[in-house]
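The residues making up each chain are set out below.
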Amino acid sequence: MGRVSNSDYSQLHQADDSVAERSMAEFLRQVELFSDLSDEELARVAAIAQERIYKKGNHIFFEGDPGGAMFIVKDGAVRIYRLSAGGREKTLAMVSRGDCFGEMSLLDAFPRSAGAQALEDARLIMISREHFLDIMASIPKIALKVIRVLTARLREADQQIEYLSFGDARSRIVSTLLDLLRKHSRPGPYGYTIDLKLTHQELANLSGVTRETASRILAELESDGLIQIHEKNIIIIDEKSLRSLLSF
Ligand code: CMP
């Protein structure tokens, strides 16, 4: 085999870099935040984005940390949660492929509003605060998309307030299942499968009920034929009947 000179090495690295940037741009094109960008604008975003891998259970950041970067999920799923003073957890949302998180503290310069933890092994795209603010200012289409993401989140938070204020335990669980169905599901032979492997404790934390209550209600929904649970994956068999159980 021939010897490789230093300049060959640097050319090889440059070639690797440009392949990596192209594949990054291809992924970013599928992300709602960047879906309207031109090839040239996408290439600018790809050049400042870095990939990071987190193992299941690893924390990406904690509530109260300073906000140094925002993230986009490439693979896997992340749980966004808050801790009460007494140490109880409330999961605010699950984010999966294509979703972004960690942008709020970059925009308002306050500490992280919530913690983020890998729910399963996750591959994330990270953009530093400085770069994110810079591309938002120079590509206004991104700023408009960010406003849309924040508006959608406010609507979802309003809905959570409604079911936490007025819904009984079963409505809370059903509302969570319908929300997961809308955001994280894929069609299968018997119904839509929620694409996250969730423990009963995680569903309870999302719904604002105890683990025991979550387990009891899930068992009832399963025995009534509305859902099926297979290796921690929930399959929604009868969405219409589930919806009719909402009591608020
Ligand atoms: P930031 O405050 O930087 O860090 C925590 C992140 O969690 C926050 O940005 C948002 O991206 C995300 N987040 C906060 N509240 C919610 C919510 N109710 N639903 C979904 N994501 C949220």
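Let us look at the structure shown here. (Residues numbered from 1 in each chain as written. Predicted model: local features only at pLDDT ≥ 70, side-chain atom pairs only at ≥ 80, totals over all residues. Heavy atoms only, no water.)

**Thoughts on the pattern of salt bridges**
Per the counting criterion, the structure on display carries 20 salt bridges. A salt bridge links Glu89 to Arg79, with the nearest nitrogen and oxygen atoms 2.9 Å apart. Of the two residues, Glu89 sits in strand E5 (residues 89-96) while Arg79 sits in strand E4 (residues 77-83), which places them 10 residues apart along the sequence. Given a relative accessible area of 6%, Arg79 falls into the buried group. Taking the shortest distance from any N to any O, the salt bridge between Lys183 and Asp179 comes out at 3.3 Å. Pair noted here: Lys183 and Asp179 are both in helix H6 (residues 169-183), with a separation of four residues, about one helical turn. Residue class for Lys183 comes out partly exposed when judged on its relative accessible area of 30%. Each of Glu51, Lys74, Asp75, Arg97 and Arg123 takes part in salt bridges that share partners, so that together they form one network. (Salt bridge = Lys/Arg side-chain N within 4 Å of Asp/Glu carboxyl O. Helix = DSSP H or I, 4+ residues; strand = E, 2+ residues; numbered from the N terminus. Buried < 20%, exposed > 50% of the residue type's maximum accessible area, 1.4 Å probe, protein only.)

**Looking at the side chain of Glu202**
Along the chain, the position of Glu202 falls in helix H7 (residues 200-207). Although Glu202 is buried, it makes no salt bridge; Arg79 carries the closest opposite charge, 5.5 Å away. When residues no more than four places from it in sequence are discounted, the contact partners of Glu202 are Leu119 and Lys197. (Lys, Arg positive; Asp, Glu negative; His and termini not counted. Contact = heavy atoms within 4.5 Å.)

**Comments concerning the sheet that holds strand E3 (residues 69-75)**
If you trace the four strands from one edge of the open sheet to the other, you get E1-E8-E3-E6, paired in antiparallel fashion. With one partner strand each, in any of the chains shown, strand E1 (50-54) and strand E6 (100-101) form the two edges of the open sheet. Where E3 and strand E8 (residues 122-128) come together, six bridges link them in antiparallel fashion. Of the residues in E8, the one forming a bridge with Met70 is Ile127. Against the sheet, helix H4 (residues 129-138) makes contact with E3 and E8, and its axis sits at roughly 70° relative to E8, the strand it touches most. (Pairing = 2+ DSSP bridges. Axes fitted to C-alpha atoms, helices over the stretch in contact; angles between N-to-C directions.)

**Things to note about the site of the ligand**
Around the ligand sit 13 residues in total, of which Gly102, Glu103, Ser105, Arg112 and Ser113 are the nearest. Between the ligand and Glu103 there is a distance of 3.0 Å, counted from an oxygen atom to a side-chain nitrogen or oxygen. Contact between the ligand and Arg153: a nitrogen atom at 3.3 Å from a side-chain N or O atom of the residue. Across the complex, the protein chains shield 91% of the 460 Å² of accessible surface that the ligand would expose by itself. Sorting the residues of the shell around the ligand by element identifies E5 and helix H3 (104-108) as the ones contributing at least two each. (Near = heavy atom within 4 Å. Polar contact = N/O pair within 3.5 Å; in protein donor to acceptor, adjacent residues only side chain to side chain. Areas by Shrake-Rupley, 256 points an atom, 1.4 Å probe, with all protein chains shown as cover.)

**Regarding the sheet that holds strand E12 (residues 233-236)**
Across a sheet, strands are paired by hydrogen bonds formed along the backbone, either parallel or antiparallel in direction. Reading across the sheet, the four strands line up as E9-E10-E12-E11 and stay open at both edges, with antiparallel pairing between neighbours. Each end of this open sheet is capped by a strand with a single partner; those strands are strand E9 (185-187) and strand E11 (227-230). Strand-to-strand twist of the sheet, defined as the mean angle between neighbouring strand axes without regard to direction, takes the value 25°. For strand E10 (residues 192-194) and E12, the ladder comprises two bridges, and the chain directions are antiparallel.

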